[in-house]
Amino acid sequence: MISTQKQPIYLDNAATTRCDPRVVEAMLPYFNERFGNAGSRNHRFGWEAEDGIEIAREQAATLIGAQAKEVIFTSGSTESNNLAIKGAAEIYARAPVGQSGRGHIVTASHEHKAVLDPIRRLMREGFDATFITPPPDGVITAAMVQAALRPDTILVSIMWANNELGTINEVPQIGKLCHEREVIFHTDATQWVGKMPTNVETDHVDLLSWSGHKMYGPKGVGALYVRRRKPRVRLEALQDGGGQERGMRSGTLNVPGIVGFGKACELCAASMDAEASRLLAMRCRLEAELVKRIEVTVVNGHATKRVPNITNISFGFVEGESLMMGVREIACSSGSACTSASLEPSYVLKSLGIGDDLAHSSLRLSLGRWTTDAEIDSAIEMISNAVGHLRRLSPLYDLHKEGIDLSKIVWQSH
Amino acid sequence: MAYSPKVIDHYEHPRNVGSFGTSKDVAARRDIGIGIVGAPECGDVMQLQIRVSDQGIIEDAKFKCFGCGSAIASSSLATEWIKGKSVDEALTIRNTQIVEELSLPPVKIHCSVLAEDSIRSAIEDWKKKSAAPAAATSCSTT
């Protein structure tokens, strides 16, 4: 119903990124002349498609310091997480199907739903799980994981960077701990890979999920890294059929998508350092200006241990959805209840112990390859103005100015 | 979510924003009724203040709202509708009328309920205060 005259400023790159035009260009021949099925072993169309796949597999492996054979193509991180978690649990289970005590899994309560929900399903199927409550800065350390490990722990799944906060968990240290304890370590690296240097060897990762569309590639394609030696990780397939992807993921390969995914990996590898420092400078300026201009503004999560492109900011006494309405020229996300169907504020912010009121007041702004300094300037202006407008309307801001402690008021909840 | 033009209009140009003084100032005034409904942890708080004549006519109304655009619009609209009405007339306003006027989607119906509640709560507060002995000082409005 709102007509937009000009394109809004896109600060929702943690939700998805624009596909890089170079990626689109690389994909196009695989819709047209090279349309073959990579599984067709007996003619040129099949060979061309297979060549495209193997180049992409190499590009993907290079980005994370893996061997090409260790990369399994999937439909994206949700599938990769499901395959990693359920697939490993079935193989490493301590007891057969139908029994309890099948093994223990460690994760954290602010993980993505695509990790939490597969683990919850496994809990209904005889596995146990520990959900580590993150500290207020959101960073999961190796010590926290160590405290959660049990003799029957079979799998640890800790994301590399959090999708709402951008906070970075201690993945190399957690991986090292898991290898010492001979526990399989999976990381959902969707918000990390392509933005920050990744090496599955020195970072001690056994299973790693990532997605094309978070790193300027196409939607509907992702990958799972599956370690082949020290240790050789085995997975039970979730999907049976033609035995593609070493039997771990049957189904005709999405050739154009995978080619685009590979190209996106190659482009990220080439521009990562320059892009990370450029985005970090912009994000720091955005945060510093907003905190300076607007009182009771809090950057959520660890001050520095965050990926360069994500910031999550709470503006006290202002509700997130109305704030987004005030900055309709900015495309972003909010942890506010009103932006979700459930009317519950973000469970990620809540798990950090951030009060519900501040969780309702949050915006997630995520920068990307095409974000400009001029856009950041505009965003700072628009957000400052909108917060000002809404605070003039806010009864909570009045109470704050009168020196009344909001947490001491008994509200008439509904 | 797409907002209706009326919600956007109230959001951008809210009617009757404000209060008749600080919470301490207005607490003791017998001509003013205050309704505060909702809670910050639920993501919406509406504050409605009404100034009522001895004849029971709502002469003025002011609101403040912490909440989504639909909550702001619902409370802004409520002030427009109750101004000039008698308290009894104001009590006949139903949330469904607000839903209809603002074309609120089902997920936003609670915003209209909150606006209706704020009207009732403000009128109840005024009735209680105006019925109390003149000398009474109200320092505890729980």
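Conventions adopted
- Residues numbered from 1 in each chain as written.
- Chains lettered and ligands numbered in written order.
- Predicted model: local features only at pLDDT ≥ 70, side-chain atom pairs only at ≥ 80, totals over all residues.
- Heavy atoms only, no water.
- Patch = residues over 30% accessible without salt bridge, like charges linked within 9 Å, V, L, I, M, F, W, Y side chains within 5 Å.
- Areas by Shrake-Rupley, 256 points an atom, 1.4 Å probe, with all protein chains shown as cover.
- Salt bridge = Lys/Arg side-chain N within 4 Å of Asp/Glu carboxyl O.
- Helix = DSSP H or I, 4+ residues; strand = E, 2+ residues; numbered from the N terminus.
- Buried < 20%, exposed > 50% of the residue type's maximum accessible area, 1.4 Å probe, protein only.
- Pairing = 2+ DSSP bridges.
- Polar contact = N/O pair within 3.5 Å; in protein donor to acceptor, adjacent residues only side chain to side chain.
- Contact = heavy atoms within 4.5 Å.
- Buried area = accessible area lost by both parts, 1.4 Å probe.
- Lys, Arg positive; Asp, Glu negative; His and termini not counted.
- Charge placed at Lys NZ, Arg CZ, Asp CG, Glu CD.
- Expected span 1.5 Å × (residues − 1).
- Phe/Tyr/Trp six-rings, centres within 6.5 Å; stacked < 30°, edge-to-face > 60°.
- Lys NZ or Arg CZ within 6 Å of the ring centre and 35° of its normal.

> Would you take a moment to explain a nonpolar patch on the surface for this structure?
A surface patch of nonpolar side chains, amounting to about 270 Å² of accessible area, comprises A:Val24, A:Leu28 and A:Phe31. When you line up the elements, A:Leu28 lands in the loop between helix H1 (21–27) and helix H2 (44–64).

> Got a minute to help me understand the pairing of strand E8 (residues 222–226) of chain A in this structure?
Residues and elements named next belong to chain A. For E8, a buried count of five out of five residues is recorded, marking the element as mostly surrounded by other parts of the structure. Here E8 shows no split at all, with Gly222, Leu224 and Val226 on one side and Ala223 and Tyr225 on the other all buried. Across five bridges, strand E7 (residues 207–211) lies against E8 in antiparallel orientation. The residue bridging leucine 208 from the neighbouring strand is tyrosine 225, located in E8.

> Looking at this model, I keep getting lost on the side chain of A:Arg369. Mind explaining?
Residue and element names in this part refer to chain A. With respect to the helices and strands, the residue arginine 369 is situated in the loop between strand E13 (362–366) and helix H11 (373–393). In this structure arginine 369 comes out as buried when scored by relative accessible area, which is 11%. Within the structure, arginine 369 has its side chain in polar contact with the side chain of aspartate 20 (distance 2.8 Å). Engagement of the side chain of arginine 369 in a polar contact is seen with the side chain of glutamate 275, the distance being 2.9 Å. The residues touching arginine 369, leaving out its near neighbours within four places in the chain, are Asp20, Arg22, Tyr216, Leu267, Cys268, Ser271, Glu275 and Arg278.

> Before we go on, may I ask you to explain the environment of A:Arg34 in this structure?
All names here are of chain A. Assignment of secondary structure puts arginine 34 in the loop between H1 and H2. Looking at arginine 34, the relative accessible area reads 30%, which means it is partly exposed. Look past the residues within four positions of arginine 34 in its chain and what remains in contact with it is Pro29 and Glu48.

> How should I be thinking about the interface of chain B and chain A in this particular structure?
By convention, interface size is frequently given as the accessible area that disappears when the constituent parts associate. Each partner contributes to the interface: chain B provides 37 residues, whereas chain A provides 31 residues. Overall, the association of chain B and chain A removes approximately 3000 Å² of surface from exposure, summing both partners, and the carbon and sulfur fraction of that is 64%. On the chain B side of the interface with chain A, the three residues burying the most area are B:Tyr3, B:Tyr11 and B:Phe66, jointly 23% of the side's total. One can count three salt bridges joining chain B with chain A. For the salt bridge of B:Lys64 with A:Asp398, the shortest nitrogen-to-oxygen distance reads 3.1 Å. Run the count over chain B and chain A and you get 13 residue pairs in polar contact (both at pLDDT 80 or more). Every element with two or more residues in the side of chain B that touches chain A is listed here: helix H1 (5–12), helix H2 (23–27), strand E1 (32–39), strand E2 (44–52), strand E3 (58–66), helix H3 (69–82) and helix H6 (109–131) of chain B.

> It is not clear to me how a positive patch on the surface should be interpreted in this structure. Could you clarify?
Positive charge collects at one region of the surface, where A:Lys69, A:Arg232, A:Arg234 and A:Arg246 lie side by side. Relative to the helices and strands, A:Arg232 resides in the loop between E8 and helix H7 (255–293).

> Is there a simple way to think about H3(B) in this case?
Note that an α-helix has 3.6 residues per turn; residues three or four places apart therefore point the same way. All names here are of chain B. An ideal rise of 1.5 Å per residue puts 20 Å on 14 residues; H3 measures up with 20 Å between its terminal C-alpha atoms. Burial of H3 is extensive: 12 of the 14 residues sit out of reach of the surface. Within H3, burial applies to Gly69, Ser70, Ala71, Ile72, Ala73, Ser74, Ser75, Ser76, Leu77, Ala78, Thr79 and Ile82. A positive backbone phi angle near 90° is found at glycine 84, which sits one or two residues after H3.

> Just to check I follow, could you spell out the pairing of strand E10 (residues 310–315) of chain A for this structure?
Residue and element names in this part refer to chain A. Of all the six residues making up E10, six are buried; the element is thus mostly covered by neighbouring parts of the structure. Neither face of E10 is left uncovered, since the one carrying Ile310, Asn312 and Ser314 and the one carrying Thr311, Ile313 and Phe315 both have all their residues buried. Pairing between strand E9 (residues 297–299) and E10: three bridges, direction antiparallel. The residue bridging valine 299 from the neighbouring strand is isoleucine 313, located in E10. In the sheet, E10 pairs with E13 via five bridges, with the strands oriented antiparallel. Paired with isoleucine 313 across the bridge in E13 is leucine 363.

> Would you explain the packing of aromatic side chains in this entry?
All names here are of chain A. This structure, assessed with the given rule, holds six aromatic pairs over all chains. Considering the side-chain rings of tryptophan 210 and phenylalanine 261, the 5.5 Å spacing of their centres and the 40° angle between planes classify their relative orientation as tilted. Here tryptophan 210 is found in strand E7, whereas its partner phenylalanine 261 is found in helix H7, with 51 residues between them in sequence. Here the two residues tryptophan 210 and phenylalanine 261 agree in accessibility, since each one is buried. Seen from their ring centres, tyrosine 216 and tryptophan 370 are 5.5 Å apart, and the 80° between their planes marks the pair as edge-to-face. Residue tyrosine 216 is located in the loop between E7 and E8, and its partner tryptophan 370 is located in the loop between E13 and H11; the two are separated by 154 residues in the primary sequence. The exposure class of tyrosine 216 is buried, given its relative accessible area of 3%. The structure contains a cluster of three or more aromatic residues connected by ring pairs, namely Phe73, Trp210 and Phe261. Between arginine 18 and the ring centre of tryptophan 370, over which it is positioned, the NZ or CZ distance is 5.1 Å.

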